[in-house]
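# Fold and geometry: a report
Here is what each chain is made of, one letter per residue.
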Amino acid sequence: MKITISEFDGLATKITLVGKLDIAGAETVDLPLATASGARRNIVIDMVGVDFIASIGIRHLVMAAKAVARGAGKLVLLDPSPLVTDVLVTAGLDDFLPIVRSEDEARAVLAGAASA
Amino acid sequence: MNAAVETRTFEVRSDELAAIDSWVERVAARWGESERTVFRTRICIAELAGNVLEYGIPRSGDDHIVVTLRHFRDGIGVEFLDSCGPFDPTGATAAANAGTIESLRPDGRGLLLVRAYAQDIAYCHDGARNRVTLKINSA
């Protein structure tokens, strides 16, 4: 799992993940994700390059989303593949971790969170 | 006609999970199953193996996992054995639907996925090993 952290238009921290979000991948993202979510700002996780996700990866996403929500922020999942999307939906995450298909859609979701 | 069968033994170590996943992906793809069926098989086996690593009670220094895949006309059968202490992953509580993000549980999603993707899920302990069987229908 490769992880890159950048700024998302001043609206959020963008975390780009590439690889498998399995046990090994979850260990890689654990600290960076906890650090980013601890800042309680919006997070956009670019999931385009994630080709596999297990429940341990989901656990890290949920914990980060809950931390961000405590600061009234949102964690948005950007364009996961159809198979990874199916896992996220089946696991019941899509109601709480918005899945968007473009950066424009991510901006709109985050703008909605800011104005709520 | 007999189903094609492949079996492999792995050690109970976190760095073996990638080897298990690669093997499952390779075998299921070779059998010509769809990407979705292969993916669902990988998910189910990753969750079972993850459970062993997380909750399995080691019984010896050489605990092991044995995965058997059977190719049926309409899907893939899985037999998953591990030599750790008795543990029924199918008896655990899956995450319930949450009403708010505050009540959203981080845990319990693995069982939810296995129950969604697999059929005929069964567990027993044969005195020496945990045995989980399930089937992923072709999708």
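Quick look at the structure, then. (Residues numbered from 1 in each chain as written. Chains lettered and ligands numbered in written order. Predicted model: local features only at pLDDT ≥ 70, side-chain atom pairs only at ≥ 80, totals over all residues.)

## Points about the nonpolar core
The test is simple: In this description, a nonpolar core means buried residues of the types Ala, Val, Leu, Ile, Met, Phe, Trp, Tyr and Cys, linked to one another by C-beta atoms lying within 7 Å. Counting other C-beta atoms within 10 Å of its own, a residue is labelled buried from 20 upward, exposed at 12 or fewer, and partly exposed in the gap between, with every C-beta atom placed from the backbone. Helix and strand definitions here come from DSSP, where helices need a minimum of 4 consecutive H or I residues and strands a minimum of 2 consecutive E residues; each element is numbered from the N-terminal end.
In terms of nonpolar packing, the biggest core is built from 73 residues, with Ile43, Ile45 and Ala65 of chain A together with Cys44 and Ile45 of chain B touching the most fellow members. Sort the elements by how many residues they give to this core and helix H2 (residues 35-55) of chain B lands first, with 9 residues.

## Here's the deal with the sheet that holds strand S3 (residues 43-53) of chain A
Residue and element names in this part refer to chain A. Applied cut-off: Think of it this way: DSSP has to see at least two bridges between two strands before they count as a pair.
With respect to topology, 5 strands assemble into an open sheet ordered S1-S2-S3-S4-S5, the strand pairing being mixed. In this open sheet, the two strands that pair with only one neighbour each are strand S1 (2-8) and strand S5 (99-100). In this structure, strand S4 (residues 75-78) lies alongside S5, joined through 2 bridges in parallel fashion. Residue pairing across strands places Leu78 opposite Val100, the latter belonging to S5.

## So, the pairing of strand S1 (residues 4-11) of chain B
When a strand is regular, its side chains alternate between the sheet's two faces. All names here are of chain B. A small share of S1 lies buried, amounting to 0 of its 8 residues. Where S1 lies against strand S2 (residues 64-72), 8 bridges are found, and the strand directions are antiparallel. Paired with Glu11 across the two strands is His64, which belongs to S2.

## Looking at the pairing of strand S2 (residues 12-21) of chain A
Residue and element names in this part refer to chain A. Just so we agree on the cut-off: Handedness of a crossover is defined as follows: orient the strands so they point away from the viewer, and if the path from the first strand over the helix to the second runs clockwise, the crossover is right-handed.
The buried count for S2 comes to 7 of 10 residues, which makes it a mostly enclosed element. Where S1 lies against S2, 7 bridges are found, and the strand directions are antiparallel. Each bridged residue has a counterpart across the sheet, and for Lys2 the counterpart in S2 is Val18. Where S1 folds back on S2, the antiparallel hairpin that results is connected by 3 residues, among which Asp9 adopts a positive phi of roughly 55°. Here S2 runs beside S3; their pairing, made up of 8 bridges, is parallel. Paired with Thr16 across the strands is Asp46, a residue of S3. At this point the chain moves from S2, through helix H1 (residues 23-38), to the parallel S3, and the crossover so formed is right-handed.

## Some details on unusual backbone geometry
All names here are of chain A. The backbone of Ala72 sits at a positive phi, close to 65°, despite the residue not being glycine. Here Ala72 is to be found in the loop between helix H2 (55-70) and S4. Of note in the backbone geometry, Asp79 takes a positive phi value of approximately 50° without being a glycine. Here Asp79 shows up in the loop between S4 and helix H3 (82-90). A residue is classified by how many C-beta atoms lie within 10 Å of it, and Asp79, with 18 of them, is partly exposed.

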